[in-house]
Amino acid sequence: GVYDPVFAVTPQIIKNATPQQSALAGGGLSATTTSTTFLVSPSLTKSFATGGGTYTLSFANNRTNTSSTISLINPFYSSNLALIVAQPLMRNRSIDANRHAIRVQKKRLEQSDSDFRARTIQIISQVQAAYWNLVFGLRNQQNQLDSLNLSRQNMRNIEAQIAAGAKAPLDRAQVQTDIATRESNLFIATQTVSVAENTLKQLMLPDPAAPEWSAQLTPTDTPALDLSPVNLTAALDDARKNRPELHRLNLQKDINTIDVQYYKNQIKPQVDLVSTFALTGLAGAAQVANLPTTLVGGYGQDLSNLFSFRTRNINVGVAISFPIHNTTARANLAGARIQHDQLAALYRSQDQAIEMDVRNAAQFVDTTQKRMVASR
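What comes next is a walk through the structure. These numbers come from a predicted model, not from an experiment. (Residues numbered from 1 in each chain as written. Predicted model: local features only at pLDDT ≥ 70, side-chain atom pairs only at ≥ 80, totals over all residues. Heavy atoms only, no water.)

## A few points about the overall build of the protein
Each helix and strand in the protein was counted, giving six helices and eight strands. Tracing the protein from N to C terminus, the helices and strands come up as β-β-β-β-β-β-α-α-α-α-β-α-β-α. Scaling as 2.2 N^0.38, a compact globule of 376 residues should have a C-alpha radius of gyration of about 21 Å, whereas the protein reaches 44 Å, well beyond that. Taking the principal axes of the C-alpha coordinates as reference, the protein spans close to 150 × 50 × 35 Å. Here the protein holds 376 residues, and the buried ones make up 26% of them. Within the protein, contacts between residues at least 6 apart in sequence are counted, and of these 74% link residues at least 24 apart. When the accessible area of the protein is evaluated, it comes to approximately 24000 Å², of which 58% is carbon and sulfur surface. For the protein, the centre of its 35 positive side-chain charges and the centre of its 27 negative side-chain charges are spaced 11 Å apart. (Helix = DSSP H or I, 4+ residues; strand = E, 2+ residues; numbered from the N terminus. Rg over C-alpha atoms; globule rule 2.2 N^0.38 Å. Buried < 20%, exposed > 50% of the residue type's maximum accessible area, 1.4 Å probe, protein only. Contact = heavy atoms within 4.5 Å. Areas by Shrake-Rupley, 256 points an atom, 1.4 Å probe, with all protein chains shown as cover. Lys, Arg positive; Asp, Glu negative; His and termini not counted. Charge placed at Lys NZ, Arg CZ, Asp CG, Glu CD.)

So this is what it looks like as structure tokens:
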């Protein structure tokens, strides 16, 4: 937005009554001159990202009616069309506060995307874990129910054997204890299923008032068994390419590079090219004879004189300024360079942590595969 053109206009009515101590001032016997001026001054100002310059095009127009007896034309129109240029030559030429802020905010926007991606990955991981916990909870519940039914069948067999005299009544107590234990395990498995289902609903449903809270979830996907070994090298490469933490740190390093560039630029002296090119016009009603015809007329004659290029002002100069020690800019640059070293160390630390995560995950998969084979 700092590079949007800005249009401004200032309509004014100015009335002056000025005492005069000299007859040459045109006050006459009243020793006072009065004037009424209608002024309209539109202008257009724009700053540019390339080069950091600011350009202002202004067009001042006024109509003045004066009581001065020495005015050659009255009322008269005057106009001024001016182009004012302020162009940095050293400090703020390649980068200034506005361009620094814009470049940093673009990187911050990319960091927001990276943070959103990290949050999305976290949510997907939570939903997948909650889903499979529900799947395995339901399987465990079914296993506990089958186990309880088996114990009950065993109880019926024991009762028949006791009735036939093949078993002692004491054997009944052992089976009853087994049935009670398996009932307790079934209750625990049922509670685990309820917790797993509620956890998944919390991640899926939009609010506590959703009707699906009262519904039962029935998983449809089943786990696929894959005993192929993990390619550790490929997994590490994928992690370094896709982990949002590293991408965020890379963006922070880019921001630091912008900071260093900006603060190095601020150490330079400020040398600005300042120039003005202006055209002027004048016309009005003649108050004396033998006045040049180019000055006699209304606003149209005034504009004609303006664009005739006969009267003009051209100013070109250089504005130079710099702090003697420039302590602030040097301190800011030193701080940015220290932050560069900190970010490099933080990146190495994060990269090492990611490698540890991948290696631990690969080892966990390998161990789990072996445990599954052993369990079978």
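## Notes on unusual backbone geometry
In this chain, N74 is followed by P75 through a cis amide linkage whose omega measures -10 degrees. Assignment of secondary structure puts P75 in strand β6 (residues 73-88). For N290, which is not a glycine, the phi torsion comes out positive at approximately 60 degrees. Inspection of the secondary structure assignment puts N290 in the loop between β7 (270-286) and α5 (299-306).

## Examining the nonpolar core
One recurring pattern in soluble globular proteins is that nonpolar side chains are buried together. Core analysis: the largest hydrophobic core is formed by eight residues, namely A130, Y131, L134, V135, V193, A196, L200 and L217. For this core, the elements supplying multiple residues, two or more each, are α1 (97-163) and α2 (170-204). Per-element accounting of this core gives the leading share, four residues, to α1. In contact with L134, not counting residues within four places along its chain, are V193, A196, E197, L200, L217 and P219. With seven residues, the next largest nonpolar core counts L148, M155, I158 and I179 among its residues. (Core = buried A, V, L, I, M, F, W, Y, C linked by side-chain atoms within 4.5 Å.)

## Structural notes on a positive patch on the surface
A contiguous patch of positive charge, built from R93, K264, K268 and R337, is present on the exposed surface. Structurally, R93 can be placed in the loop between β6 and α1. (Patch = residues over 30% accessible without salt bridge, like charges linked within 9 Å, V, L, I, M, F, W, Y side chains within 5 Å. Salt bridge = Lys/Arg side-chain N within 4 Å of Asp/Glu carboxyl O.)

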